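Each chain is listed here by its residues.
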Amino acid sequence: MSNLAIRAAAATDLDRITEIYADAVTHGTASYELEPPDRAEMGSRFANLTAGGYPYLVAVKDGIVLGYAYAGPFRPRPAYRFIVEDSVYVAPEAKGQGIGLLLMRALIEAARAAGFRQIIAVIGDGHSDSASVRLHEKLGFRHSGRLEGSGYKHGRWLDTVFMQLPMNGGAELPPDPDSLPERKFRGEGKRN
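Peer 1: Looking at this structure, I do not really get the layout of surface pockets. What am I missing?
Peer 2: Left-over empty space is what a probe sized like a water molecule reveals as it rolls over the atoms. If you add up the space inside the largest pocket, you get close to 1300 Å³. In terms of lining residues, the largest pocket is bounded by 49 residues, among which Ala30, Ser87, Val88, Tyr89 and Ser132 are the most central. At the level of elements, helix H1 (14-27), helix H2 (39-51), strand S3 (64-73), strand S4 (83-90), helix H3 (99-114), strand S5 (118-124) and helix H4 (131-138) are the ones that each hand at least two residues to the lining of the largest pocket. Each residue belonging to the lining of the largest pocket can be placed in one class, and the counts come to 22 nonpolar, 16 polar and 11 charged. Here the second largest pocket defines a volume of roughly 170 Å³. Surrounding the second largest pocket, 15 residues form its lining, Tyr54, Pro78, Tyr80, Arg81 and Lys184 being those nearest its centre. No other element matches the four residues that helix H5 (residues 180-185) contributes to the lining of the second largest pocket.

In structure tokens:
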């Protein structure tokens, strides 16, 4: 896509990010939220993730945000600190143009550079032909579990699919003491 740039998200992108997510919540089944969060809540979520050093990216074409992706903590317990969960959302008018793929490639690289060992995709309504499942498969994620009938939205039961991508040696190597998760665990925080 010409003129498409992937960059770090900024607070000025949050109105558009909120719109994109509201559409996904209202019309889709990828998110199990039933009511779209408002701009203030989205701002709080953004601030918490970026303050923690987690990657949060946007795809922009001609000054318009067409999609976003971020990685955040998989679970709050400290032993999970090497694992992140990804999220990716594309504006309805931009779906099918490869934006999700570009965002996810950049997100994977950012998570790898930070020293994380696994990225987990928790995919709502994760049937085999869903765009999100196909996207993650294309990026090398493997299926690691399914929760049947775990969500109820738009009048039907939905399965949740778990997929994962190891990186930086996955579980085969000891933790890197200079990685973001280890520095945060030691109370050193992110590096600028």
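Having seen the model, we can carry on.
Peer 1: Explain the nonpolar core here, please?
Peer 2: As a rule of thumb, soluble globular proteins bury nonpolar side chains together. In terms of nonpolar packing, the biggest core is built from 49 residues, with Ile17, Tyr68, Ile99, Met104, Ile108 and Phe141 touching the most fellow members. At eight residues, H3 tops the list of elements feeding residues into this core. When residues no more than four places from it in sequence are discounted, the contact partners of isoleucine 17 are Ala9, Met42, Tyr56, Val58 and Tyr68.

Peer 1: Help me understand the sheet that holds strand S7 (residues 156-166) in this model?
Peer 2: Paired through their backbone hydrogen bonds, the strands of a sheet run either parallel or antiparallel. Ordered in space as S1-S2-S3-S4-S5-S7-S6, the seven strands form an open sheet in which the pairing is mixed. Unpaired on one side and paired on the other, strand S1 (4-8) and strand S6 (142-153) mark the two borders of the sheet. Between one strand axis and the next, the sheet turns through 25 degrees on average, direction left out of account. Inspection of the sheet shows strand S2 (residues 56-61) paired to S3 by six bridges, in the antiparallel sense. Residue tyrosine 56 lies in a different strand from S3, and its bridge partner there is tyrosine 70. Against the sheet, H2 contacts S2 and S3, and its axis sits at roughly 55 degrees relative to S3. Strand contacts of H3: S1, S2, S3, S4, S5 and S7, with the helix running at about 155 degrees to S4, the strand carrying the most contacts.

Analysis parameters
Residues numbered from 1 in each chain as written. Predicted model: local features only at pLDDT ≥ 70, side-chain atom pairs only at ≥ 80, totals over all residues. Heavy atoms only, no water. 1 Å grid on protein atoms, 1.4 Å probe; cavity = no way out; pocket = protein on both sides within 12 Å on 5 of 7 lines; lining within 4 Å. Points joined across faces, edges and corners; volume = space filled by probe spheres on them. Helix = DSSP H or I, 4+ residues; strand = E, 2+ residues; numbered from the N terminus. Nonpolar A, V, L, I, M, F, W, Y, C, P; charged D, E, K, R; others polar. Core = buried A, V, L, I, M, F, W, Y, C linked by side-chain atoms within 4.5 Å. Buried < 20%, exposed > 50% of the residue type's maximum accessible area, 1.4 Å probe, protein only. Contact = heavy atoms within 4.5 Å. Pairing = 2+ DSSP bridges. Axes fitted to C-alpha atoms, helices over the stretch in contact; angles between N-to-C directions.

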